[in-house]
Amino acid sequence: MRQDSRLSRMLHVLIHMGQHDGALTSDMIASMLDANAVVIRRTMAGLRESGYVHSEKGHGGGWTLARPLEELTLLDIHRAVGEPSVFALGPAYDMPGCPIEKAVNATLKDVFADAEQLLLKRFAGVTLADIARGFTSPSGTTKDERCAS
């Protein structure tokens, strides 16, 4: 099963935005993530609708943070990118009439729901500034010249 990397990718972008002077264009972000600029615009639009980024059209335009990294949590961004499932595991529905499969699925649903609530609570307690503080590039700054911003 393919992992959903939207949260990780947008955290990467937002932290770069917090360290970058000026706007980042969709093309710059797409280059940074090796992604399509259309996909970037669509994802960034969700962040804009949530009030986390601004966008300006035209020459000199692009994406900028609407709020400082200290005010953005993992939970905020998780929600803004569509609340992707936090688990790649899930129940099986191969034999819907089997009482064992039903019992397994009911138990898994409960356990996953509990675990997801714990994870989301932890997401709420971590800001993007916390992540940025944990990063120092080889040059000793918080900027990393290896990334394309």
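These notes cover the structure that comes with them. In this text the structure is predicted, and so the values were computed from the model without any measurement.

**Focus on the packing of helix α1 (residues 6-19) against helix α3 (residues 37-49)**
One way to put it is that α1 packs onto α3 with a least axis distance of 12 Å and a crossing angle of 75°. Comparing their axes, α3 and α1 come out roughly perpendicular. Contacts from M10, V13, L14 and M17 of α1 reach α3 at I40, T43, M44 and L47. Of the residues that constitute the contact of α1 with α3, the class distribution is seven nonpolar, one polar and no charged.

**Quick word on unusual backbone geometry**
In this structure, D34 is a non-glycine residue whose phi angle is positive, near 55°. A relative accessible area of 73% means that D34 is categorised as exposed.

**Considerations on the environment of T64**
If you trace the backbone, T64 turns up in strand β2 (residues 62-65). Sequence separation of T64 and H20 is 44 residues, and the distance between their C-alpha atoms is 8.9 Å. Once residues lying within four places of it in the same chain are set aside, the contact partners of T64 are M17, G22, A23, V53 and H54.

**Concerning the pattern of salt bridges**
Going through the model one piece at a time under the given rule, you end up with three salt bridges. In this structure, D4 engages R6 in a salt bridge whose closest nitrogen and oxygen atoms are separated by 2.6 Å. Residue classification places D4 among the partly exposed residues on the basis of a relative accessible area of 40%. The partner of R133 in a salt bridge is D130, and the shortest N-O contact between them spans 2.4 Å. Remark: D130 and R133 occur in helix α6 (residues 128-133); sequence separation between them is three residues, near one turn of the helix. Relative accessible area serves as the criterion here: at 56%, R133 is assigned to the exposed category. Residue classification places D130 among the partly exposed residues on the basis of a relative accessible area of 33%.

**Topic: the layout of surface pockets**
Here the largest pocket is characterised by a volume of approximately 290 Å³. Around the largest pocket, the lining is made up of 15 residues, and of these D4, P84, S85, V86 and F87 lie nearest the centre. Elements with a minimum of two residues in the lining of the largest pocket: α1 and α5 (99-124). Broken down by element, the lining of the largest pocket gets its largest block of residues, three residues, from α1. The residue makeup of the lining of the largest pocket, split by class, is seven nonpolar, five polar and three charged.

**With respect to the nonpolar core**
Ranked by internal contacts, the top residues of the largest apolar core, which has 32 residues, are M10, M44, L47 and I77. When residues of this core are traced back to their parent elements, those giving at least two are α1, α2 (26-33), α3, α4 (74-80), α5 and α6. When residues of this core are assigned to their parent elements, the largest contribution, seven residues, is made by α1. Each residue touching I77, except ones within four places of it in the same chain, is listed here: L7, M10, L11, L14, L47, Y52 and L128.

What counts, and at which threshold
- Residues numbered from 1 in each chain as written.
- Predicted model: local features only at pLDDT ≥ 70, side-chain atom pairs only at ≥ 80, totals over all residues.
- Heavy atoms only, no water.
- Axes fitted to C-alpha atoms, helices over the stretch in contact; angles between N-to-C directions.
- Helix = DSSP H or I, 4+ residues; strand = E, 2+ residues; numbered from the N terminus.
- Parallel < 35°, antiparallel > 145°, perpendicular 65-115°, else oblique.
- Contact = heavy atoms within 4.5 Å.
- Nonpolar A, V, L, I, M, F, W, Y, C, P; charged D, E, K, R; others polar.
- Buried < 20%, exposed > 50% of the residue type's maximum accessible area, 1.4 Å probe, protein only.
- Salt bridge = Lys/Arg side-chain N within 4 Å of Asp/Glu carboxyl O.
- 1 Å grid on protein atoms, 1.4 Å probe; cavity = no way out; pocket = protein on both sides within 12 Å on 5 of 7 lines; lining within 4 Å.
- Points joined across faces, edges and corners; volume = space filled by probe spheres on them.
- Core = buried A, V, L, I, M, F, W, Y, C linked by side-chain atoms within 4.5 Å.

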